[in-house]
Number of protein chains: 2
Amino acid sequence: VIRQLTIIGLGLIGGSLALALKRAGAVERVTACARRQETLDEALKLGVIDAGSTDLAEAVSGAEVVVVATPVGAMESIFRQLAPHLTADMLLTDVGSTKGSVVAAARQAFGELPTGFVPGHPIAGTEDSGVAAAVADLYQHRRIILTPLETSSHEAVARVRAMWEACGAEVIEMGVAHHDEVLAATSHLPHMLAYALVDTLARMGESEEIFEFAAGGFRDFTRIASSSPAMWHDICLANRGALLAVLRRFADDLAQLTQAIEQGDSDYLLQTFTRAKGARDRFAEKFED
Amino acid sequence: VIRQLTIIGLGLIGGSLALALKRAGAVERVTACARRQETLDEALKLGVIDAGSTDLAEAVSGAEVVVVATPVGAMESIFRQLAPHLTADMLLTDVGSTKGSVVAAARQAFGELPTGFVPGHPIAGTEDSGVAAAVADLYQHRRIILTPLETSSHEAVARVRAMWEACGAEVIEMGVAHHDEVLAATSHLPHMLAYALVDTLARMGESEEIFEFAAGGFRDFTRIASSSPAMWHDICLANRGALLAVLRRFADDLAQLTQAIEQGDSDYLLQTFTRAKGARDRFAEKFED
């Protein structure tokens, strides 16, 4: 049981972690730091946290586990504020969607990386955000990627793993660079495409009318374009290298598809669509979609 | 009440139309033509149709309304087979996702366009296909676009409209070219992006592993990549002009976004994501998504 969990940057992800651990009886006390007092008031009212402060030092005092759940662009600044308050036995993890940038930020802020620091990334969430959207079962049967560092102690890794497993999640370990490549492909690229598509349409003439005739496929396809612009701004820049690589690969593939349509290349079109459908159907079977 | 409705090319769309009209008491008898006898047997067993034949002439005999629901690439051939059996008071419509190509096919097959011919396109459907997936409420509160031609009689337009309204749908009329531009943007382009994305990922190394870490956003985003490759092959080529125009526009926008990421252009990223989120949120409000 964690005596005190402190969440820095309280929103959907951190709030859901608090609720899940409370439900599992895996935490005694939850504190949080947020920029706005209203967020803390709301979280207190909802029973997500037991105490909160807009002052990081106050929130983190007495923490056994500190979870940084701010947008990734803010992490270096948070780590710097955190540095003087970090004790040797404090566990530190984060929930950032990119890992290379978070590790770099930690290196900048801490100099030597703390042995209690284990970067993490829950593959969960919705296009909603904010602590009011937090739910105790957000991590149930979801995957959590941990990217332990050479500096991370075995004990720290085991304790962060146990925390997420208490939420009903499946914990997987992988390297930092590999995480960033995989996520660039499966999450960051699709978000860029959804944003770009909606924006392309919104800027076309008669865009209001255009959206009128969008059907279910469009709704599903563009749902992620309702995600937080500030968060995705940060992710784009934080995972720039891996994202640019898949963006270029995708642009090349799309250019080839465009050429095939132009040339009426039936074989290319049928092969591409069939291969994609096969991969999507196998994926759907696995995840019961 | 329609005395006899004949569906040529029995699948999800035609089957659901039959079920909806039957439930509304708006049709007395439904016949169908399909390529495979098994499809007709299944539809008979499911109560979707009252009689079926793999012979088009036999299926269409006695029809008051003929609905062509084959992939758009097959329509010219179907219209040619239909031509000798079309009577002056027979109503003819289709459910093709592209309208310019269907009108061109009709012109090729019939020479002079029949006054009873009113092209149509229901904005409904799922990534499932086949008559077994047919449901009576598929068109409830969905939009049906009709693109009446100069040759279409007012009576024919009114009757096709009434047929769809009996299924609970909202009928909208627009020009053929406008339909094709709107659908290229809201339906055909997203399908190309979903197919291209899944294919890009499937062709990356360790693609099986990549899909393991895909979350809900990816599931939603790529669901339409499970659609029928043959159908989408036809749509691509049938609406080639309008689709190429939006594909190029999108590719340009994506190249600009890519450049902004490369250059760390925060303003561009935030503005683009915010504008897209705004458009998507307005769309979601309207459609209660």
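For the structure, check the block above.
Trainee: Would you mind going over the overall build of chain A with me for this structure?
Mentor: A count of helical and extended segments in chain A gives twelve helices and nine strands. Expressed as lengths along the three principal axes of its C-alpha atoms, the size of chain A is roughly 65 × 40 × 35 Å. For chain A, the residues scored as buried account for 57% of the 289 residues in total. Contacts spanning at least 24 positions in sequence make up 73% of the contacts within chain A whose residues lie at least 6 apart. If you sum the accessible surface of chain A, you get close to 11400 Å²; carbon and sulfur atoms cover 47% of it. In chain A, 25 positive and 38 negative side-chain charges are present, and the distance between their average locations comes to 2 Å.

Trainee: Just checking my understanding: could you explain the interface of chain B and chain A for this structure?
Mentor: Many authors give the size of an interface as the accessible area that is lost as the parts come together. Across the boundary between the two partners, chain B contributes 85 residues, which contact 85 residues of chain A. Between chain B and chain A the total buried area reaches about 8300 Å² when both faces are included, carbon and sulfur atoms providing 67% of it. Contact with chain A buries surface across chain B, with B:Phe213, B:Phe221 and B:Phe273 losing the most and accounting together for 9% of the total. Viewed at the interface, chain A and chain B are joined by eight salt bridges. Here B:Asp253 and A:Arg203 are joined by a salt bridge, their closest N and O atoms 3.7 Å apart. Linking chain B to chain A there are 20 residue pairs in polar contact (both at pLDDT 80 or more). Of all the secondary structure elements, the ones that give two or more residues to the side of chain B that touches chain A are strand 8 (143-146), helix 7 (176-202), helix 8 (207-212), helix 9 (216-222), helix 10 (229-238), helix 11 (240-263) and helix 12 (266-287) of chain B. The greatest single-element share of the side of chain B that touches chain A, amounting to 17 residues, is contributed by helix 7 of chain B.

Trainee: Explain the sheet that holds strand 3 (residues 51-53) of chain A here, please?
Mentor: Backbone-to-backbone hydrogen bonds pair the strands of a sheet. The strands run either parallel or antiparallel. Residues and elements named next belong to chain A. Strand order in the open sheet formed by six strands is 3-2-1-4-5-6, and the pairing between neighbours is parallel. Each of the sheet's edge strands pairs with one partner strand only, and the pair in question is strand 3 and strand 6 (117-118). Of the pairings in the sheet, the one linking strand 1 (residues 2-8) to strand 2 (residues 27-33) comprises six bridges and is parallel in character. Bridge pairing links Ile8 to Cys33 in strand 2. Against the sheet, helix 4 (residues 75-82) touches strand 1, strand 4 (65-68), strand 5 (91-94) and strand 6, its axis set at about 155° to strand 4.

Trainee: What should I look at first to understand the sheet that holds strand 7 (residues 120-123) of chain A in this one?
Mentor: Residue and element names in this part refer to chain A. Across the sheet, which stays open at both edges, the three strands sit in the order 7-8-9 with mixed pairing between neighbours. If you trace the sheet from one side to the other, it starts and ends with strand 7 and strand 9 (170-173), each paired once. The mean inter-strand angle of the sheet, taken between neighbouring strand axes irrespective of direction, is 25°. Two elements, strand 8 (residues 143-146) and strand 9, share four bridges in a ladder whose sense is parallel. Its bridge partner being in strand 9, Leu146 is matched across the sheet by Glu173.

Trainee: Looking at this model, I keep getting lost on the pattern of salt bridges. Mind explaining?
Mentor: Working definition: two side chains of opposite charge can pair if their charged atoms are close together. Residues and elements named next belong to chain A. Under the counting rule described, the total for this entry stands at 34 salt bridges over all chains. The salt bridge involving Asp199 is made with Arg203; its shortest N-O contact spans 3.1 Å. Its relative accessible area of 2% is what places Asp199 among the buried residues. Classification of Arg203 as partly exposed rests on a relative accessible area of 40%. As a salt-bridge pair, Asp220 and Arg223 come within 3.2 Å of each other at their nearest N and O atoms. Residue classification places Asp220 among the buried positions, given a relative accessible area of 17%.

Trainee: I would appreciate a short explanation of the relation of the copies chain B and chain A in the present structure.
Mentor: Applying a rotation about an axis and a shift along it to one chain copy brings it onto the other copy. Each copy superposes on the other: chain B lies on chain A with an RMSD of 0.0 Å after a rotation of 180° and an axial shift of 0.0 Å. Classification of the inter-copy transformation places it as that of a two-fold axis. By C-alpha distance to the rotation axis, the residue of chain B lying nearest is B:Phe221, at 2.0 Å. A shared binding surface is used by both copies, with 100% of the interface residues of chain B retained as interface residues in chain A.

Trainee: Got a minute to help me understand the packing of helix 4 of chain A against helix 5 (residues 100-110) of chain A in this structure?
Mentor: All names here are of chain A. With their axes 8 Å apart at the nearest point, helix 4 and helix 5 run at an angle of 35° to one another. Crossing of helix 4 against helix 5: the hand is right-handed. Packed against helix 4, whose contacting residues are Met75, Glu76, Phe79 and Arg80, the element helix 5 presents Val102, Ala105, Ala106, Gln108, Ala109 and Phe110 at the interface.

Conventions used here
- Residues numbered from 1 in each chain as written.
- Chains lettered and ligands numbered in written order.
- Predicted model: local features only at pLDDT ≥ 70, side-chain atom pairs only at ≥ 80, totals over all residues.
- Heavy atoms only, no water.
- Helix = DSSP H or I, 4+ residues; strand = E, 2+ residues; numbered from the N terminus.
- Buried < 20%, exposed > 50% of the residue type's maximum accessible area, 1.4 Å probe, protein only.
- Contact = heavy atoms within 4.5 Å.
- Areas by Shrake-Rupley, 256 points an atom, 1.4 Å probe, with all protein chains shown as cover.
- Lys, Arg positive; Asp, Glu negative; His and termini not counted.
- Charge placed at Lys NZ, Arg CZ, Asp CG, Glu CD.
- Buried area = accessible area lost by both parts, 1.4 Å probe.
- Salt bridge = Lys/Arg side-chain N within 4 Å of Asp/Glu carboxyl O.
- Polar contact = N/O pair within 3.5 Å; in protein donor to acceptor, adjacent residues only side chain to side chain.
- Pairing = 2+ DSSP bridges.
- Axes fitted to C-alpha atoms, helices over the stretch in contact; angles between N-to-C directions.
- Least-squares fit on C-alpha atoms with pLDDT ≥ 70 in both.
- Left-handed = near helix turned anticlockwise from the far one by under 90°.

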